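Working through the structure, step by step
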Amino acid sequence: SSGLLALLLMVLELSRPSLPSPLKPICDLRVLNHFIKEARDAEAAMKVCREGCLLSESVTVPQTRVDFEVWENKNASEQALEVQSGLWLLQQALNLLRASVTNTQLHSYIDSCINNLLSLSGVLGTLNLQEYSPPTSTTGLEGTWIVSSPTELLQVHLNFLRGKVRLLLLSAQACQQHDVS
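This report concerns the structure included in the present document. Since the structure is predicted, the reported quantities are computational estimates derived from the model, not experimental observations. (Residues numbered from 1 in each chain as written. Predicted model: local features only at pLDDT ≥ 70, side-chain atom pairs only at ≥ 80, totals over all residues. Heavy atoms only, no water.)

Observations concerning helix 6 (residues 150–171)
The α-helix winds at 3.6 residues per turn, so residues separated by three or four positions along the chain end up facing the same way. Between the first and last C-alpha of helix 6 there are 31 Å, a value that for 22 residues agrees with the 32 Å anticipated at 1.5 Å per step. At Phe 160, helix 6 shows its maximal bend, which comes to roughly 35°. (Helix = DSSP H or I, 4+ residues; strand = E, 2+ residues; numbered from the N terminus. Expected span 1.5 Å × (residues − 1). Bend = angle between axes of the 7 residues up to and from the residue.)

See the structure below:
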């Protein structure tokens, strides 16, 4: 529900008449920090889970390691595509985790993570980035790896938000404050 609230605030901000505003809501890293906190909470809850918290099959997830030299040499579209692809992979993986986990206490944590990813994916469209078309298969997808445990999956989710998503938002043209004086 907090992801939905954040998305609603972002949509309301974008639908306002053009008034000078400091930054778009998604550019305010407090929103992303909130999503990161929820990802950390989900990971912590999964670590203490003893029953009903298995992943039914291995999943493909994005690489989270950032080679800053390579990242800086990519243009904004390439960076956005990498982040959008990673968000999509994480959504698929977390949906499978949600279906696999029988521990109902974990469902709200996983649901929050999924909703936050959906919010981020939707908001990336407001940053004037190209539209993302998901692949038909994750087999052989570049920049990915396979995880088989829920804790690993949630660690990747957390690191992806703290790494590539944050870097993309920090460098997004729409998030840059331009001095018009």
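Remarks on helix 5 (residues 104–124)
Taking 1.5 Å of rise per residue, the 21 residues of helix 5 would be expected to cover 30 Å, and the 31 Å separating its terminal C-alpha atoms lies within 8% of that figure. All buried positions along helix 5 are accounted for by Leu 106, His 107, Ile 110, Ser 112, Cys 113, Ile 114, Asn 116, Leu 117, Ser 119, Leu 120, Val 123 and Leu 124. Here helix 5 starts with a cap whose side-chain oxygen sits 3.0 Å from the backbone nitrogen of Gln 105, and that cap is Asn 103. (Buried < 20%, exposed > 50% of the residue type's maximum accessible area, 1.4 Å probe, protein only. Polar contact = N/O pair within 3.5 Å; in protein donor to acceptor, adjacent residues only side chain to side chain.)

A few points about the side chain of Ser 100
Following the sequence through the fold, Ser 100 ends up in helix 4 (residues 76–100). Using a relative accessible area of 17% as the deciding quantity, one classes Ser 100 as buried. A polar contact of 2.8 Å, which involves the side chain of Ser 100, links it to the backbone oxygen of Leu 96. Residues in contact with Ser 100, not counting those within four places in the same chain, are Leu 54, Leu 55 and Ser 56. (Contact = heavy atoms within 4.5 Å.)

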